[in-house]
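Below are the chains, spelled out letter by letter.
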Amino acid sequence: MGILSLPKEETNRMIVLKFGGTSVGTAESLKNVKKIVESLDSDAIVVVSALGGLTDRLIATAKKAASGDSSYVEDFEAMAKRHFDIIEDVVHPATAPSTLNAIAPLLGELRRLYDGVSLIADLPERTLAQIVSLGERMSSVIVADMIPAAHHANSLDIIKTEKWFDKNIASTDITESLIRKHLSSGPYPIIMGGFISADKDSGEITNLGRGGSDYTAALVAAALNADVLQIWTDVDGFLTADPRIVKDARVIDEMSFVESMDLCTFGAKVIYPPTIYPVFHKNIPIRILNTHRPEAPGTFISDHSNNDGRLVAGVSALRNEAIITLRGHFASDKSRVSGRAFNALSLKGLTPHLVAHSDSLNAFSFVVSEAEAFQTVRLLKEEFAPELVDRSIEVIEMKNCLASLAVVGDNIKSAPDLTTRLEEVLENSGIKVIAKAKEASETNITFVIEDSDVNSALQSLHAELFNS
Ligand code: ADP
Ligand code: ASP
Ligand code: MG
């Protein structure tokens, strides 16, 4: 039929496809997107990101405008031209005038926002959210107009968020019913922008966080009980390591939801971490595919992954981490100290993601992102003020510029010596292990190392695990 020969489980009733910025960056890749969508046999919702690199550009230009640099105008013009050129290349000449009519007011809005930011010399968060939303608002219109049979849906009417501390998080119940209302009957294919959303109460434009188009697609797939979620990107699948760091990383044919969740949580950029949960919950498989090589089988992620008993699926690293250590005899009571610390942090929406093992009895350590480290220490100082006064906690320390390294695989528990073996590999490569995950997890082994050691650590571990 089409250019794709999809496995049987994917030739189904309803599928959700997500094309990232890397798939919609150029006219050439957009033409691949068109072929892929037009070759489908099923009803489809297509979620698209902004043109590749545009979100970064929108943000950089906004910062420029706020800083008083008038060259934001040229940046804006270059972005406008990029959209005009793409429209000329990919939209049929008969449709192009109406596409241009739809894009013109969006570009007008963008220009007014930049002028406003420049005038007030400030960049409020809500204005930045409006600015970045224009990337997906424009790309989704272009993709919808490029595919004659397609219809456009406005994500701002469908994907709703609510405030959770200082973050915007998906308002899942409302979003689920809006997805059903707007997207459960065709005509298909329906094209919508990923990443962008609106506050459920105020209607203000928000977003799901950088890389969040994957999450939009997962919310849609889960609400519609899709048969599969396809994530189309610029590599042949989920790889055993970041290919930009480990040149001989290879495609993982099949993996479990838990493995993919672990690797993404620990920095594998191929899927935005919150994406897995909604589809995992509904048992909807994910396939990672390459827009530039649609014939490649990609990676199949499901709950019944056939992994032939392999120990490790892949390795990944989460950068910009900090380790927080409480020292003193009170810290030796690990369960009490962790209970109080984590409770105090969770009340402010902070989420330590790793309890680290330390050799000292009187120390309790855990890992947070650097962005949350200062606030974490401040809250702990408040929580443990009495203990700091009576010296049962002597000090609360913070060490920045670290990375968490994760080795992930469903069968890791069956190799109890693996942690020691890998630690030796790291040490033999001159890499100091600052801490390791305290409780051996069922599915991953985690080491905390200096951020500057990340590349060589990934390369050494990958060579040990996959090339020996
Ligand atoms: P998209 O624009 O499609 O969302 P992203 O840049 O967000 O693309 O994610 C794809 C990129 O993720 C790949 O180009 C690759 O360089 C990077 N990446 C990092 N780790 C992995 C991994 N383990 N497997 C595959 N890709 C990875
Ligand atoms: N365009 C957004 C970003 O660059 C969302 C996405 O691509 O998933 O972060
Ligand atoms: Mg992405």
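An account of the accompanying structure is given in this report. Not measured: the values here are computed from a predicted model. Residue indices begin from 1 for each chain and proceed along its sequence in written order. Note on labels: chains are lettered from A, ligands numbered from 1, in written order. Confidence filtering applies because this is a predicted model: local features only for residues at pLDDT of at least 70, side-chain atom pairs given and counted only at 80 or more, and all residues used for totals across whole chains, interfaces and linings. Hydrogens and water are ignored here; the side-chain numbers use all heavy atoms of the structure.

1. Digging into the overall build of the protein chain
Stage number 1. Per the secondary structure count, the protein chain includes 14 helices and 18 strands.
Stage number 2. Two things to know: the radius of gyration comes from C-alpha atoms, and the globule rule equals 2.2 Å times the number of residues to the power 0.38. Relative to the compact-globule value of 23 Å for 468 residues, the protein chain shows a C-alpha radius of gyration of 24 Å, a close match.
Stage number 3. Overall, the protein chain is about 75 × 55 × 40 Å in size when its C-alpha atoms are taken along their principal axes.
Stage number 4. In this scheme, a residue with accessible area under 20% of its type's maximum is buried, one over 50% is exposed, and one in between is partly exposed, where area comes from a 1.4 Å probe on protein chains only. Taken across its 468 residues, the protein chain has 54% of its residues classed as buried.
Stage number 5. Across the protein chain, the fraction of contacts at a sequence separation of at least 24, relative to all contacts at a separation of at least 6, is 77%. Numbering of helices and strands runs from the N terminus; a helix is a DSSP stretch of H or I covering at least four residues, while a strand is a stretch of E covering at least two. Contact between two residues is taken to exist if any of their heavy atoms lie within 4.5 Å; hydrogens are not considered.

2. As for the site of ligand 1
Stage number 1. The rule for a residue being near a molecule or strand is that one of its heavy atoms must lie within 4 Å of it. Among the 18 residues in the neighbourhood of ligand 1, the closest are listed as T22, T233, D234, L239 and K269.
Stage number 2. Interatomic distance of 2.9 Å between a backbone N/O atom of L239 and a nitrogen atom of ligand 1.
Stage number 3. Throughout this description, a polar contact denotes any pair of N or O atoms lying within 3.5 Å of each other; where both atoms belong to protein, one of them has to be capable of donating a hydrogen while the other can accept it, and for residues adjacent in sequence the pair is counted only when both atoms sit in side chains. Between ligand 1 and R244, the relevant distance is 3.2 Å, taken from an oxygen atom to a side-chain nitrogen or oxygen of the residue.
Stage number 4. What sets the accessible areas is the Shrake-Rupley method with a 1.4 Å probe; for residues, cover comes only from the shown protein chains. Coverage of ligand 1 by the protein amounts to 90% of the 570 Å² it exposes when considered alone.
Stage number 5. Counted by class, the shell around ligand 1 contains eight nonpolar, five polar and five charged residues. For this scheme, ten residues count as nonpolar: Ala, Val, Leu, Ile, Met, Phe, Trp, Tyr, Cys and Pro. Four count as charged, namely Asp, Glu, Lys and Arg, and the remainder, Gly too, count as polar.

3. A word on unusual backbone geometry
Stage number 1. For the peptide bond that leads from G186 to P187, omega is 0 degrees, which places it in the cis range.
Stage number 2. Structurally, P187 is set in the loop between α6 (172-183) and β6 (190-193).
Stage number 3. The amide bond that connects Y188 to the next residue, P189, takes the cis arrangement and shows omega of 0 degrees.
Stage number 4. Its place among the elements puts P189 in the loop between α6 and β6.
Stage number 5. The residue A121 is not glycine, and still its phi comes out positive at about 50 degrees.

4. Some points on the pattern of salt bridges
Stage number 1. The term salt bridge refers to a side-chain nitrogen of Lys or Arg lying within 4 Å of a carboxyl oxygen of Asp or Glu. Counting across every chain of the model gives 25 salt bridges.
Stage number 2. The network of salt bridges with shared partners includes R57, K64 and D75.

5. Some details on the environment of A403
Stage number 1. Within the secondary structure, A403 sits in strand β16 (residues 395-408).
Stage number 2. For the pair A403 and H292, spaced 111 residues apart in sequence, the C-alpha separation works out to 32 Å.
Stage number 3. Those residues in contact with A403 that lie beyond four places of it in its chain are L318, R319, E321, F447, V448, I449, E450, D451 and V454.

6. Focus on the nonpolar core
Inside soluble globular proteins, nonpolar side chains tend to come together where they are buried.
Stage number 1. Joining through side-chain atoms within 4.5 Å is the link that ties buried Ala, Val, Leu, Ile, Met, Phe, Trp, Tyr and Cys residues into a set, and such a set is a nonpolar core. One finds V16, I45, I179, L183, L229, F238 and I286 to be the most contacted residues of the largest nonpolar core, which totals 53 residues.
Stage number 2. When residues in this core are grouped by element, the largest group, seven residues, is from helix α7 (residues 213-223).
Stage number 3. Here I45 is in contact with M14, I15, V16, L17, L183, Y188, I190, M192, V220 and L224, once residues within four sequence places are set aside.
Stage number 4. I36, I86, L134 and L289 belong to the second-largest nonpolar core, a separate cluster that totals 51 residues.

7. A look at the site of ligand 2
Stage number 1. Taken together, S49, T55, E136, F195, R210, G211, G212 and S213 make up all the residues around ligand 2.
Stage number 2. Note that an oxygen atom of ligand 2 is positioned 2.8 Å from one of the backbone N or O atoms of G211.
Stage number 3. Here an oxygen atom of ligand 2 sits 3.0 Å away from a polar atom, N or O, in the main chain of S213.
Stage number 4. Partitioning the shell around ligand 2 into residue classes produces one nonpolar, five polar and two charged.

8. Remarks on the packing of aromatic side chains
Given two aromatic rings, one states the distance between the centres and the angle between the planes to describe the pair.
Stage number 1. Working definition: rings of Phe, Tyr and Trp (its six-membered ring) pair if their centres are within 6.5 Å, and the pair is stacked with planes under 30 degrees apart, edge-to-face with planes over 60 apart, and tilted otherwise. According to the stated counting rule, one finds nine aromatic pairs in the structure shown.
Stage number 2. Centroid distance Y215 to Y272: 6.4 Å. Interplanar angle 55 degrees. Geometry classified as tilted. In this pair, Y215 is assigned in helix α7 and Y272 in the loop between α8 (257-265) and α9 (276-281), connecting sequence segments 57 residues apart.
Stage number 3. In this structure Y215 comes out as buried when scored by relative accessible area, which is 13%.
Stage number 4. On the numbers, 5.2 Å between centres and 85 degrees between planes, the contact of F342 with F366 is edge-to-face. In this pair, F342 sits in helix α10 (residues 334-346) while F366 sits in strand β15 (residues 363-369), placing the two residues 24 residues apart along the sequence.
Stage number 5. Residue class for F366 comes out buried when judged on its relative accessible area of 0%.

9. Considerations on a nonpolar patch on the surface
Stage number 1. A contiguous nonpolar surface patch, about 260 Å² in accessible area, is contributed by W164, F165 and I169.
Stage number 2. Secondary-structure assignment places I169 in strand β5 (residues 167-170).
Stage number 3. What makes I169 partly exposed here is its relative accessible area of 31%. In this scheme, patches are assembled from residues that exceed 30% relative accessible area and form no salt bridge. Like charges are connected within 9 Å, while nonpolar side chains (Val, Leu, Ile, Met, Phe, Trp, Tyr) are connected within 5 Å.

10. As for the packing of helix α4 (residues 96-120) against helix α5 (residues 125-146)
Relative orientation and spacing of two packed helices are given, respectively, by the angle between their axes and the distance between those axes.
Stage number 1. Helix axes are fitted only over the stretch in contact, all axes being lines through C-alpha atoms; the angle between N-to-C directions runs from 0 to 180 degrees. Where α4 meets α5, the closest approach of the two axes is 10 Å, and the angle between their N-to-C directions is 170 degrees. Taken as axis vectors, α4 and α5 run roughly antiparallel relative to one another. Between α4, through S98, T99, A102, I103, L106, L107, E109, L110, L113, Y114 and V117, and α5, the contact on the second element is made entirely by T127, Q130, I131, L134, R137, M138, V141, I142 and D145.
Stage number 2. Grouping the constituent residues of the contact of α4 with α5 by class yields 13 nonpolar, four polar and three charged. When an angle is under 35 degrees it counts as roughly parallel; over 145 it counts as roughly antiparallel; between 65 and 115 it counts as roughly perpendicular; any other value is oblique.

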